[in-house]
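# Fold and contact review
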Amino acid sequence: HKTHDGNQQPPPLTVASGHTVELTVQLSKLGTSTDGLPKPLAAPQPLSPANGTEFDHFPRVTKLEWSAVPGAASYAVEVDFCDGLVRKECSDPHTLEGRALPPTSGIEGTSYEFSFVGAQPGRWRVWALDSQGWAGAKSDWSWFIYRR
């Protein structure tokens, strides 16, 4: 079979009812081929608070900051609160939610400010979205802890 642009296409695969066919599928990363699809945006780099920051202030107003990503139209963040911190990992994470929480997507700048829930650990990550709404790679999780 030939496509409209002249490229060879394998014939369609037809499997009779009650029969099975084993397939080997090769996947390639989005943007690595010349398929005209957009190349995914890079992950922003978390800047502040630095990973492992300990806070000792109240109220727990927290400002997250990250590097700009070329091609980003907006950003989204994910913030979790944790029951505890085990080996620098968030134990039993829960998404921070609430009416007083600003929207976590459609962020136009490279910062996000919110009030954290309690004297406990938290973690956050951020990603960029392009003008079509395609999400880029997510940053690694960064953690912080409020001592009071």
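So, a few notes on the structure that sits alongside this text. Each chain has its residues counted from 1, running along the sequence as written. Selection of residues for local features in this predicted model requires a pLDDT of at least 70, selection of side-chain atom pairs for listing and counting requires 80 or more, and totals for whole chains, interfaces and linings are taken over all residues. No hydrogens and no water enter the side-chain calculation; it runs on all heavy atoms of the structure.

## What about the overall build of the protein chain?
Condition: Each helix is a run of H or I in the DSSP string that is no shorter than four residues. Each strand is a run of E no shorter than two, and both are numbered from the N terminus. The buried label applies to any residue whose accessible area, calculated with a 1.4 Å probe on protein chains only, is under 20% of its type's maximum; exposed applies above 50%, and partly exposed to all values in between. Note on areas: Shrake-Rupley with a 1.4 Å probe; residue coverage comes only from the protein chains shown.
Across its full length, the protein chain holds zero helices and 10 strands. Its helices and strands in sequence order give the protein chain the pattern β-β-β-β-β-β-β-β-β-β, from N to C terminus. Within the protein chain, buried positions represent 30% of all 148 residues. In the structure as shown, the protein chain presents an accessible area of about 10200 Å², 50% of it carried by carbon and sulfur atoms.

## Focus: unusual backbone geometry
Cis geometry is found at the peptide bond from S48 to P49, where omega equals 0°. In this model, F58 is joined to P59 through a cis peptide bond whose omega is 0°. As for its placement among the helices and strands, P59 is situated in the loop between β2 (53–55) and β3 (61–66). One non-glycine residue, D92, lies in positive phi territory at about 50°.

## Some points on the side chain of S139
For clarity, the cut-off: Here, two residues are considered to be in contact whenever any of their heavy atoms come within 4.5 Å of each other.
By secondary structure assignment, the location of S139 is in the loop between β9 (121–129) and β10 (142–146). For S139, a relative accessible area of 6% translates into the label buried. Ignoring any residue separated from it by four or fewer positions in sequence, one finds S139 in contact with A43, P44, P46, R125 and V126.

## Section: the sheet that holds β10
Note the following rule: Only strands that DSSP links by at least two bridges are regarded as paired with each other.
Ordered in space as β2-β10-β9-β4-β7, the five strands form an open sheet in which the pairing is mixed. Both edges of this open sheet fall to β2 and β7 (94–95), since each of them pairs with a single strand only. Strand direction decides the pairing type here: β9 and β10, joined by four bridges, are antiparallel. When the bridges of β10 are listed, R123 appears paired with W143.

## Remarks on the state of the cysteines
Cysteine pairs can be covalently joined through their sulfur atoms, and such a bond is termed a disulfide. Basically, it comes down to this: For the purposes of this analysis, a disulfide is any pair of cysteine sulfur atoms at a distance within 2.5 Å.
On inspection of all chains with the given rule, the structure shows one disulfide. The disulfide partner of C82 is C90, and the S-S distance across this bridge is 1.7 Å. Residues C82 and C90 share a disulfide whose torsion about the S-S bond is about -105°; that sign makes it left-handed.

## Describing the packing of aromatic side chains
The criterion, for reference: Pairing of aromatic rings covers Phe, Tyr and the six-membered ring of Trp, with a centre-to-centre limit of 6.5 Å; geometry is then stacked below 30 degrees between planes, edge-to-face above 60, and tilted otherwise. Any Lys NZ or Arg CZ that is within 6 Å of a ring centre and within 35 degrees of that ring's normal is treated as a charge sitting over the ring.
The full count for this structure, using the stated rule, is eight aromatic pairs. Positioned over the ring face of W141 is R123, at 3.7 Å from the centre of the ring. Its guanidinium or amino end placed over the ring of W127, K138 lies 4.3 Å from that ring's centre, counting from NZ or CZ.

## Quick look at the sheet that holds β3
As a reminder of what qualifies: Axes, fitted as lines to C-alpha atoms, cover a helix only where it is in contact. Angles between the N-to-C directions of the axes lie from 0 to 180 degrees.
Overall, antiparallel pairing links the three strands, which are arranged β1-β3-β8 in an open sheet. Both outer strands of the open sheet, β1 (46–48) and β8 (111–115), are each paired with one neighbouring strand and no more. Pairwise comparison of adjacent strand axes, ignoring direction, gives a mean angle of 30° for this sheet. Across two bridges, β1 lies against β3 in antiparallel orientation. By the bridge assignment for β3, S48 is matched with E65.

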